[in-house]
Amino acid sequence: MQSKKDLTSFIIEAISDKKGKKIALIDLSEFESASTGKLIICQGGSTSQVSAIADSVREVVQKNANVKPYNYEGYNNCQWIVIDYGDIMVHIFLPEYRNFYNLEDLWNDAPVEFLPDID
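Residues numbered from 1 in each chain as written. Predicted model: local features only at pLDDT ≥ 70, side-chain atom pairs only at ≥ 80, totals over all residues. Heavy atoms only, no water.

1. Examining the state of the cysteines
Item 1. Applying the stated criterion to the full structure yields zero disulfides.
Item 2. Lacking any disulfide linkage, C42 is separated from the closest cysteine sulfur, that of C78, by 13 Å. (Disulfide = S-S within 2.5 Å.)

Right under this line is the structure:
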C-alpha cells in the first residue's frame, strides 16, 4: 500500500485532471475528535463535473495505489460527493453546497493549504 502522501498526490492529480477548482487540504491529524486525518475539498461547476471528478479520484487511486474507498456517497444528486479512504476523506461539491456547509470554517483551527487552480 502506498503512503498517505502518495495517496494525497494521486487524489489531487485526479481532481486536477477533471479541472476541479479551489482544492483545499485540511490536516486533522492533531484532533482526537476528527474521524479522519485529512480532508481534501474541491468543487466542480456542474453536477456532471462533480461526478466526473469523483470517478476520476476513484479510478486514479485504484490504478496507481491499488486502493479502493471504504465508502462513497452523493452520486444520487451529485451536489456533494464524499469518498472515504479512511485516513483521507475527499469532498467534491457544487460551489453553493460548499459555501453552505463551509467545512473549511468548521475546522478553522486546523492547518489548511489552498492549492492554486490549474486552468
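Moving on from the model shown.
2. Brief notes about the nonpolar core
Item 1. By size, the foremost hydrophobic cluster in this structure holds 27 residues, and its most contacted members are I11, V57, V61 and Y85.
Item 2. Of all the secondary structure elements, the ones that give two or more residues to this core are α1 (4-17), β1 (21-27), β2 (38-43), α2 (47-65), β4 (80-84) and β5 (88-93).
Item 3. Broken down by element, the residue count for this core peaks at seven residues, all from α2.
Item 4. Setting aside anything within four residues of it in sequence, one finds V57 in contact with I11, A14, I15, I83, Y85 and V90.
Item 5. A34, M89, L103 and A110 belong to the second-largest nonpolar core, a separate cluster that totals twelve residues. (Core = buried A, V, L, I, M, F, W, Y, C linked by side-chain atoms within 4.5 Å. Buried < 20%, exposed > 50% of the residue type's maximum accessible area, 1.4 Å probe, protein only. Helix = DSSP H or I, 4+ residues; strand = E, 2+ residues; numbered from the N terminus. Contact = heavy atoms within 4.5 Å.)

3. Observations concerning the side chain of Q49
Item 1. Tracing the backbone shows Q49 in helix α2.
Item 2. Only 3.0 Å separates the side chain of Q49 from the backbone oxygen of K18, close enough to count as a polar contact.
Item 3. With residues up to four places along the chain from it excluded, the contact list for Q49 reads K18, K19, G20 and G44. (Polar contact = N/O pair within 3.5 Å; in protein donor to acceptor, adjacent residues only side chain to side chain.)

4. So, the sheet that holds β5
Item 1. Sheet architecture is open: six strands sit in the order β3-β4-β5-β2-β1-β6, paired in mixed fashion. Two strands lie at the open edges of the sheet, namely β3 (71-73) and β6 (112-114), each paired on one side alone. Strand-to-strand twist across the sheet, computed as the mean angle between neighbouring axes with direction ignored, equals 15°.
Item 2. Inspection of the sheet shows β4 paired to β5 by five bridges, in the antiparallel sense. Its bridge partner being in β5, D84 is matched across the sheet by M89. (Pairing = 2+ DSSP bridges. Axes fitted to C-alpha atoms, helices over the stretch in contact; angles between N-to-C directions.)

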